[in-house]
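Observations on the three-dimensional arrangement
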Amino acid sequence: MRLAEQAVFTAHPNPMVGCVLVRDGEVVGEGWHEVAGAAHAEINALQDAGDKAKGATAYVTLEPCAHHGKTPPCSTALIAAGVSEVVVACGDPHPMVDGKGLKALAAAGITVRSGLLQQQVEQLLAGFLSRVIRIRPRVRLKIACSIDGRIAMANGQSHWITGEEARADVQRLRASSGAIMTGIGTVLADDPSLTVRDAALNPHGKQPIRVILDSELRMPMAAKMLALPGNTLVFCQNDQNAPGLVDAGAEVVRIDGVNGQIDLDAVLQQLADREVNDLLVEAGPAIAGQLIEQKLVDEFVIYQAPHIMGSETMGMVATPGWIDLADRQNLQITDSVQIGSDTRITAIPAD
């Protein structure tokens, strides 16, 4: 798992995978899938082990593939190397794999065991598994707020609520995501870049897809993000202004609406089709509220600053449909850590 995590910023849209080869109680080979299109974890571990792979046990976080993609099948390579046993944390539900790798290994006479640390590895691969099984990315909603839950003053001032350390931590969230989504309100108010600025977190220069929800296509053609590396994808209901925006560098997709709002389920399916495993949402209270009300948020990442902003402010989420206490969203806090002077709270829906 520690090997797999080394590719948290580089493996997507492929899953993070680690492999360790052990023979006679000694680690003889290690590898992980470093970047999409490059050798898989098992291949790197086999190359590391060389002849010592024969008779070894391979521990792999995810079921070895059994098909020819950008690289040859890992199950075939393990068989050819003469490993005696393969221990897998969890199966790969991708239709091209889905048990075929384990069956190929067993048919070759290799002892196969699965389920070791399965729950932990499934959490590590939550985005990939979500895309393959649910046909939508894992949705992480990031919110920066004061200790009284406010995200901006009533006049729109919001720079900066949290400190420099917290903002640097958000860069890590961005770098581990396949796409970053916000709304047209944020674009018009802040003209954000929505990029990974730290080169150490983005060694291959591949930026997450920038996703903008813009029903009436009010996106300015001079928006800063349109001149930056990477792709900007704008979802709208009225695409009358699409030609000019496309010329400015955006991709525009018209999508149906629900109750006057862009169909968020359809957006997530579109992103899954584009192989987005993890979607980071950095949006205003309206979109945040829609996602929460529609139970589309898989994880909350809340950066809470140690100050009180008072009454003339904007709240974290807008949920006009919630009128009773029973409407509230219960959360299970999974992690709470201090980042500089701020507190990062990670939570998942509890109902």
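Higher on the page you've got the structure.
The present account deals with the structure reproduced in this document. Since this is a predicted model, take the numbers as computed values, not measurements.

**Digging into the overall build of the protein**
Scanning the protein from terminus to terminus reveals 11 helices and 18 strands. For the protein, the C-alpha radius of gyration of 22 Å lies close to 20 Å, the compact-globule estimate for 351 residues. With the principal axes as the frame, the protein shows a C-alpha extent of 70 × 45 × 40 Å. Within the protein, the fraction of its 351 residues that count as buried is 49%. Sequence separation of at least 24 residues holds for 67% of the intrachain contacts in the protein that already meet a minimum separation of 6.

**Concerning the pairing of strand 14 (residues 278–281)**
What you see with strand 14 is no split at all: Asp 278 and Leu 280 on one side and Leu 279 and Val 281 on the other are buried throughout. With four bridges connecting them, strand 6 (residues 138–146) and strand 14 associate as parallel partners. Directly across from Arg 138, in strand 14, lies its bridge partner Asp 278. Relative to strand 14, strand 8 (residues 179–183) runs parallel, the two sharing three bridges. Residue Met 181 lies in a different strand from strand 14, and its bridge partner there is Val 281.

**Some remarks on a nonpolar patch on the surface**
Together, Met 1, Tyr 59, Leu 116 and Leu 117 line one region of the surface with nonpolar side chains, adding up to about 350 Å² of accessible area. With respect to the helices and strands, Met 1 occurs in the segment before helix 1 (2–5).

**Things to note about the packing of aromatic side chains**
Scanning the model with the defined rule gives zero aromatic pairs in all. One residue, Arg 167, lies across the ring of Trp 160, its end atom 4.3 Å from the ring centre.

**Some remarks on the state of the cysteines**
Going through the model one piece at a time under the given rule, you end up with zero disulfides. The closest cysteine sulfur to the non-disulfide-bonded Cys 65 is located on Cys 74, 3.7 Å from its own sulfur. With a relative accessible area of 1%, Cys 74 lands in the buried category.

**A few points about the sheet that holds strand 1 (residues 18–23)**
One open sheet holds the five strands; their spatial order is 2-1-3-4-5, and the pairing between them is mixed. Two strands bound the open sheet, and with one partner strand each, they are strand 2 (26–32) and strand 5 (111–114). Each neighbouring strand pair of the sheet contributes to a mean axis angle of 15°, computed without reference to strand direction. Here five bridges tie strand 3 (residues 57–62) to strand 4 (residues 85–90), and the two strands are oriented parallel to one another. Bridged to Val 60 within strand 4 is Val 88.

**Side note on the packing of helix 2 (residues 41–49) against helix 3 (residues 74–81)**
Packed helices, taken two at a time, are described by their axes: the angle between them and the distance between them. Following both chains from N to C, one finds helix 2 and helix 3 inclined at 25°, their axes separated by 9 Å at the closest point. On the basis of their axis angle, the class for helix 2 and helix 3 is roughly parallel. At the point where helix 2 passes helix 3, the crossing takes the left-handed sense. Of the residues in helix 3, those touching helix 2 at Glu 42, Ile 43 and Leu 46 are Cys 74, Ala 77, Leu 78 and Ala 81.

**Re unusual backbone geometry**
Look at the link from His 12 to Pro 13: it is a cis peptide, with omega at 10°. Looking at where Pro 13 falls in the secondary structure, it is placed in the loop between helix 1 and strand 1. The backbone of Asp 98 shows a phi angle near 45°, a positive value even though the residue is not glycine. Looking at where Asp 98 falls in the secondary structure, it is placed in the loop between strand 4 and helix 4 (100–107).

**Structural notes on helix 7 (residues 164–175)**
For helix 7, spanning 12 residues, the distance from its first C-alpha to its last is 17 Å, which sits close to the expected 16 Å at 1.5 Å a residue. Every buried residue of helix 7 is accounted for by Ala 166, Asp 169, Val 170, Gln 171, Leu 173, Arg 174 and Ala 175. Turning to helix 7, the residues buried within the fold contact strand 6, strand 8, strand 14, strand 15 (299–305), strand 17 (331–339) and strand 18 (342–349).

**Brief notes about the packing of helix 3 against helix 4**
Running from amino to carboxyl end, helix 3 crosses helix 4 at an angle of 20°, the nearest separation of the two axes being 9 Å. Classified by the interaxial angle, the pair formed by helix 3 and helix 4 is roughly parallel. Considering only the axes of helix 3 and helix 4, their crossing is right-handed. Facing Ser 75, Leu 78 and Ile 79 of helix 3, the residues of helix 4 in contact are Gly 101, Ala 104 and Leu 105. Class assignment of the residues belonging to the contact of helix 3 with helix 4 gives a composition of four nonpolar, two polar and no charged.

**Brief notes about the pairing of strand 1**
The pairing of strand 1 with strand 2 spans six bridges and is antiparallel. When the bridges of strand 2 are listed, Val 22 appears paired with Val 27. Here strand 1 folds back onto strand 2 in antiparallel fashion, the turn holding two residues, of which Asp 24 has a positive phi close to 55°. Inspection of the sheet shows strand 1 paired to strand 3 by four bridges, in the antiparallel sense. Paired with Leu 21 across the bridge in strand 3 is Ala 58.

Cut-offs and rules
- Residues numbered from 1 in each chain as written.
- Predicted model: local features only at pLDDT ≥ 70, side-chain atom pairs only at ≥ 80, totals over all residues.
- Heavy atoms only, no water.
- Helix = DSSP H or I, 4+ residues; strand = E, 2+ residues; numbered from the N terminus.
- Rg over C-alpha atoms; globule rule 2.2 N^0.38 Å.
- Buried < 20%, exposed > 50% of the residue type's maximum accessible area, 1.4 Å probe, protein only.
- Contact = heavy atoms within 4.5 Å.
- Pairing = 2+ DSSP bridges.
- Patch = residues over 30% accessible without salt bridge, like charges linked within 9 Å, V, L, I, M, F, W, Y side chains within 5 Å.
- Areas by Shrake-Rupley, 256 points an atom, 1.4 Å probe, with all protein chains shown as cover.
- Salt bridge = Lys/Arg side-chain N within 4 Å of Asp/Glu carboxyl O.
- Phe/Tyr/Trp six-rings, centres within 6.5 Å; stacked < 30°, edge-to-face > 60°.
- Lys NZ or Arg CZ within 6 Å of the ring centre and 35° of its normal.
- Disulfide = S-S within 2.5 Å.
- Axes fitted to C-alpha atoms, helices over the stretch in contact; angles between N-to-C directions.
- Parallel < 35°, antiparallel > 145°, perpendicular 65-115°, else oblique.
- Left-handed = near helix turned anticlockwise from the far one by under 90°.
- Expected span 1.5 Å × (residues − 1).
- Nonpolar A, V, L, I, M, F, W, Y, C, P; charged D, E, K, R; others polar.

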